Amino acid sequence: MSNQKHFPTALLTQSTTEKLLYFDNYTMAHPRLEEAFNFLKLAVSNSSESRIIFIYGPTGVGKTTLRLLIEKWLVESNLPQLEIDPGCLPFASVEAVVQKSGVFNSKDHIKRCLFALNEPLIEHKIDYGTRGIYRNNSGQIVIESKVIETDLGWALEQALKHRKPKIFFY
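Residues numbered from 1 in each chain as written. Predicted model: local features only at pLDDT ≥ 70, side-chain atom pairs only at ≥ 80, totals over all residues. Heavy atoms only, no water.

### Here's the deal with the packing of helix H5 (residues 106–116) against helix H6 (residues 149–163)
Spelled out, the test is: Here an axis means a line fitted to C-alpha atoms, over the contact stretch when the element is a helix, while the angle between two N-to-C directions is reported on a 0 to 180 degree scale. Per the convention used, a helix needs a DSSP run of H or I reaching at least four residues, while a strand needs a run of E reaching at least two, with both numbered from the N terminus. Comment on the angle field: the value is read as roughly parallel under 35 degrees, roughly antiparallel over 145, roughly perpendicular from 65 to 115, and oblique elsewhere. In a left-handed crossing the near helix is turned counterclockwise from the far helix by less than a right angle, and in a right-handed crossing that turn is clockwise. By definition in these notes, contact holds between two residues if any of their heavy atoms fall within 4.5 Å. Each residue is assigned to one of three groups, with Ala, Val, Leu, Ile, Met, Phe, Trp, Tyr, Cys and Pro labelled nonpolar, Asp, Glu, Lys and Arg labelled charged, and all others, Gly among them, labelled polar.
Remark: H5 packs on H6, axes separated minimally by 10 Å, with the N-to-C direction vectors making an angle of 25°. Taken together, the axes of H5 and H6 are roughly parallel relative to one another. You can see that H5 and H6 cross each other, and the crossing is left-handed. Contacts from Ser106, Lys107, Ile110, Lys111, Cys113 and Leu114 in H5 reach Glu149, Leu152, Gly153, Ala155, Leu156 and Ala159 in H6. A breakdown of the residues in the contact of H5 with H6 according to their chemical character gives 7 nonpolar, 2 polar and 3 charged.

Structure (structure tokens):
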């Protein structure tokens, strides 16, 4: 993971546009990214149950990078289990979205969680136990607007039980 890049001295002779393009495309890992990655791997490895993990912090500190690294590791380390149980997900990920009004909409967020657990033919594996959540003729999950938040929460619990993610990044 420690992939240190050295500044290309040839860039010093390039145009201002080239220099700016280099820095616009340059990303640098947070100094504690590897430590956080190893901590999460340990937490997941020593967990007998599914976990919900919140990753939060200011913009640009590496939250998405950390999540992507863990997701890649989870897929690689769970390949044998995935071959046995293709309905199992090694992880699911949802980013919290704040509406334009600045308000967090929990019903919308639960819907996003359900979509994160989506897969083809899921209707043969999961009974959401709620009227108003179904597949249309194209196989896309449909959640009718009349479905109340508690029913969505129940459907999410059922989906998590059936999909068995090691981690649900929330």
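That covers the picture; the talk isn't over yet.
### Some words on H5
Because each turn of an α-helix spans 3.6 residues, side chains separated by three or four positions in sequence point in the same direction. In plain terms, the rule: In this scheme, a residue with accessible area under 20% of its type's maximum is buried, one over 50% is exposed, and one in between is partly exposed, where area comes from a 1.4 Å probe on protein chains only. What the arc covers is the set of directions going from the helix axis to the C-beta atoms. A 3.5 Å cut-off defines polar contacts: any pair of N or O atoms within that distance qualifies, except that in protein one atom must be a possible hydrogen donor and the other a possible acceptor, and neighbouring residues in sequence count only when both atoms are side-chain atoms.
All of the buried residues along H5 are His109, Ile110, Cys113 and Leu114. The buried side chains of H5 occupy one side of the element, clustering within an arc of 145° when seen end-on. Buried positions along H5 lie against strand E3 (133–135), strand E4 (141–143), H6 and strand E5 (167–169). One side-chain oxygen of the residue at the start of H5 lies 3.1 Å from the amide nitrogen of Lys107, identifying that residue as Asn105.

### Thoughts on the environment of Val44
With respect to the helices, strands and loops of the structure, Val44 is situated in helix H2 (residues 33–45). Residues Val44 and Lys166, 122 residues apart in the sequence, show an inter-C-alpha distance of 7.0 Å. Dropping the residues within four chain positions of it, Val44 is found in contact with Trp73, Leu74, Lys166 and Ile167.

### Observations regarding the packing of aromatic side chains
What counts here: Classification of ring pairs uses Phe, Tyr and Trp, with its six-membered ring standing for Trp, and accepts pairs whose centres are within 6.5 Å; under 30 degrees between planes counts as stacked, over 60 as edge-to-face, and the remaining range as tilted.
Inspection of every chain in the model, using the stated rule, returns 1 aromatic pair. Seen in terms of ring centroids, Tyr22 and Phe23 are 5.1 Å apart; in terms of plane orientation they differ by 85°. Their pairing is edge-to-face.

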